[in-house]
Each structure stands twice: as structure tokens, then as C-alpha cells.
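Here are the chains, one letter per residue:
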Amino acid sequence: MEAWRVTGTKRNAAARSDIDPEYDDILTMLAKSDTAEVYDREHLGELKKQMEAFAAKHHVDIINVNGRRVLQEVVAEVKPHRVLELGTAIGFSSMLIAENASSDVEITTMELIEKRVLTANYFISHSPFKGRIKVIPGSAGDSLNNLSAEEKFDFVYIDAAKAQYPDYFRKVYSHLTENAVVVADNVLFRGLTEQESGVPRRMRTIAKRLREYIDMVSNNPEFSTEIRHDGDGLAISKRILK
């Protein structure tokens, strides 16, 4: 993939619309952006329905119904203030987190795919959380390397490249507050993570790395980790206060 360049402009989407029809919908949204409705908290459900429809039409993976219940439950319990998300997609999980977090929450979310960045920024700009959710374009691994040492987060949600989960945890570790919670989605990976054998060859590396991640957080004495089988499996790791 060529070096990362995102302008977030209509021109950027137009240049790609002839090779990817998804950009046509993005262009349409951007063209209507100035007149499109901005939703308050009371009507956020309507915006989320639009996001779900977009995701279904363009086959964008967003957190499923069972998984989102767990995410909402954990966020509502801990009420984080500073959130880091790896894997924005179209911003649906960012919305769920913002909706259930502290009222002063600030979310930094990282996304590799350019059209996802454009779409997420559109939906965020029409939500009650505009100004509270910042999308950083580029690979999560590279973006984590660029975080300043002073940046700390009390909640991390991981839903990016599955084979990179162990590396993500190692890179984010120094940015965790003493009471941080780390939630990693899709850790059971269609049940393949728990299989002793019979994992398709093309899936073996991902399954292996996810097992490594589960072992890493489960055996870390600084964290208490629960594996929830809701959705595609979520690992919830809560840092133990000293």
C-alpha cells in the first residue's frame, strides 16, 4: 500500500469513486454534509441506524449486537475519561463508547483504511460527540509509536488487525493509567482460537497470535482478565490497583 495520505476532502473520494462504488455513497454524504441533520443524544439512535445500514450495504465489520452489549456494559461500569480505540471502521464503536462513558470523555481512534476515515469523520461530525472523538489515519502500530510518552488512557478498545494484538498490547502498555481497562474484540475468532486442531491454514497465524494475546493478558499479574463468549469473544482486562 502506498504511503498514507488522507485529505478528508470530496476531491479525495471523487478520485477513487470510479474504482470503488463505496466512494459514491461517501461523496453523496459529503455533498450533503453542510445541510445534514446533527443528532443530539436523545436522537443518537437514528444516527446509529444510518451507520448500521451503511455498514450492511458495504460489508463493513462493526461490533455485533451481542458484543456491543458487553462493550456498553463495561464502559458504563468504569466511565472512562480518556479512551484509545484501535480500529475505527466507520465510528460505530466510538459512538457506543462515547455514549456510555463519562460526560467529559475524549476518544482517540486509529484507522488504516482511508474510506473508513472519511466515513467515520462524517458520522462523528453529525453526532453529539463532535470535538470529543479524534480519528488518526494510518496503521495502529505506527500510530501507537507516535503517541507522546505523556498520553495516558484509562480505557483501550482493540478491534484492528487480529494478528497484531500482542504487539498492540505491548505498545499501549506504557500509556495505561493505573486503573486502566483493556477490551479486545474478536479474540475467539469464530471459535478457532479454542480449537486444538483443524484450523484452516490461512487462519493459523491469526489464531496463534490471538492465543498469544489471551495468554499474555491472562497471565499478567497486573491484570484481572475475563474472556466473554458474547459475539466473537471479548477479552476484558482490568488493571489491578496496587
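The paragraphs below set out a description of the structure included in this document. (Residues numbered from 1 in each chain as written. Predicted model: local features only at pLDDT ≥ 70, side-chain atom pairs only at ≥ 80, totals over all residues. Heavy atoms only, no water.)

Focus: the overall build of the protein
Working step 1: The secondary structure content of the protein amounts to nine helices and seven strands.
Working step 2: If you line up the protein on its principal axes, its C-alpha atoms span 50 × 45 × 35 Å.
Working step 3: Residues counted as buried form 49% of the 242 residues belonging to the protein.
Working step 4: Intrachain contacts of the protein at a sequence separation of at least 6 include 71% that bridge at least 24 residues.
Working step 5: Approximately 12,000 Å² of the protein is accessible, and the part contributed by carbon and sulfur atoms is 48%.
Working step 6: Positive and negative charge centroids in the protein, built from 33 and 37 side chains respectively, lie 3 Å apart. (Helix = DSSP H or I, 4+ residues; strand = E, 2+ residues; numbered from the N terminus. Buried < 20%, exposed > 50% of the residue type's maximum accessible area, 1.4 Å probe, protein only. Contact = heavy atoms within 4.5 Å. Areas by Shrake-Rupley, 256 points an atom, 1.4 Å probe, with all protein chains shown as cover. Lys, Arg positive; Asp, Glu negative; His and termini not counted. Charge placed at Lys NZ, Arg CZ, Asp CG, Glu CD.)

A few points about the sheet that holds strand E6 (residues 223-228)
Working step 1: Pairing is mixed across the open sheet formed by seven strands, whose spatial order is E3-E2-E1-E4-E5-E7-E6. A single partner strand is all that each edge strand has here, and the edge strands are strand E3 (133-137) and E6. Pairs of neighbouring strands in the sheet enclose a mean axial angle of 15 degrees, with direction left out of account.
Working step 2: As paired strands, strand E2 (residues 106-111) and E3 are joined by five bridges and run parallel to one another. (Pairing = 2+ DSSP bridges. Axes fitted to C-alpha atoms, helices over the stretch in contact; angles between N-to-C directions.)

With respect to unusual backbone geometry
Working step 1: Unlike most non-glycine residues, His 59 shows phi in positive territory, near 60 degrees.
Working step 2: Along the polypeptide, His 59 turns up in the loop between helix H3 (44-58) and helix H4 (65-78).
Working step 3: Looking at His 59, the relative accessible area reads 69%, which means it is exposed.
Working step 4: For Ala 89, which is not glycine, the phi torsion reads 55 degrees and is therefore positive.
Working step 5: With respect to the helices and strands, the residue Ala 89 is situated in the loop between strand E1 (82-86) and helix H5 (92-100).
Working step 6: Look at Ala 89 and you get buried, because its relative accessible area is 16%.

Observations concerning the nonpolar core
Working step 1: One finds Leu 71, Met 95, Ile 97, Phe 123, Phe 155 and Val 183 to be the most contacted residues of the largest nonpolar core, which totals 42 residues.
Working step 2: The element contributing the most residues to this core is helix H6 (residues 114-125), with six residues.
Working step 3: Those residues in contact with Val 183 that sit more than four places away from it in its chain are Val 74, Phe 155, Val 156, Tyr 157, Ile 158, Leu 234, Ala 235 and Ile 236.
Working step 4: Core analysis: the second largest hydrophobic core is formed by 31 residues, Ala 160, Tyr 165, Leu 210 and Ala 235 among them. (Core = buried A, V, L, I, M, F, W, Y, C linked by side-chain atoms within 4.5 Å.)

Side note on the environment of Leu 234
Working step 1: Tracing the chain through its elements places Leu 234 in strand E7 (residues 234-239).
Working step 2: For the pair Leu 234 and Ile 214, spaced 20 residues apart in the sequence, the C-alpha separation amounts to 9.9 Å.

Some details on H5
Residues separated by three or four positions in an α-helix point in the same direction, a consequence of the helix having 3.6 residues per turn.
Working step 1: In terms of burial, H5 is largely enclosed, as eight of its nine residues are buried.
Working step 2: Looking at H5, one finds that the buried residues are Phe 92, Ser 93, Ser 94, Met 95, Leu 96, Ile 97, Ala 98 and Asn 100.

Here we look at the packing of aromatic side chains
Working step 1: This structure, assessed with the given rule, holds seven aromatic pairs.
Working step 2: Taken together, a centroid distance of 6.3 Å and an interplanar angle of 40 degrees make the contact between Tyr 165 and Tyr 168 tilted. In this pair, Tyr 165 and Tyr 168 both sit in helix H8 (residues 165-172), three residues apart, roughly one turn of the helix. The same class applies to Tyr 165 and to Tyr 168, which are both buried.
Working step 3: An angle of 75 degrees between the planes, with centres 5.7 Å apart, marks the rings of Tyr 165 and Tyr 213 as edge-to-face. Taken together, the residues Tyr 165 in helix H8 and Tyr 213 in helix H9 (residues 204-218) connect sequence positions 48 residues apart. Both residues of the pair, Tyr 165 and Tyr 213, count as buried.
Working step 4: Connected via pairs of aromatic rings, a cluster forms that spans Tyr 165, Tyr 168, Phe 169, Tyr 173, Tyr 213 and Phe 223. (Phe/Tyr/Trp six-rings, centres within 6.5 Å; stacked < 30°, edge-to-face > 60°.)

Details of the side chain of Glu 85
Working step 1: Tracing the backbone shows Glu 85 in strand E1.
Working step 2: Lys 162 provides the closest opposite charge to the buried, salt-bridge-free Glu 85, at an N-O distance of 10 Å.
Working step 3: A polar contact of 2.5 Å, which involves the side chain of Glu 85, links it to the side chain of Ser 94.
Working step 4: Once residues lying within four places of it in the same chain are set aside, the contact partners of Glu 85 are Ser 93, Ser 94, Thr 108, Thr 109, Met 110 and Tyr 157. (Salt bridge = Lys/Arg side-chain N within 4 Å of Asp/Glu carboxyl O. Polar contact = N/O pair within 3.5 Å; in protein donor to acceptor, adjacent residues only side chain to side chain.)

These figures capture arrangement, not role.
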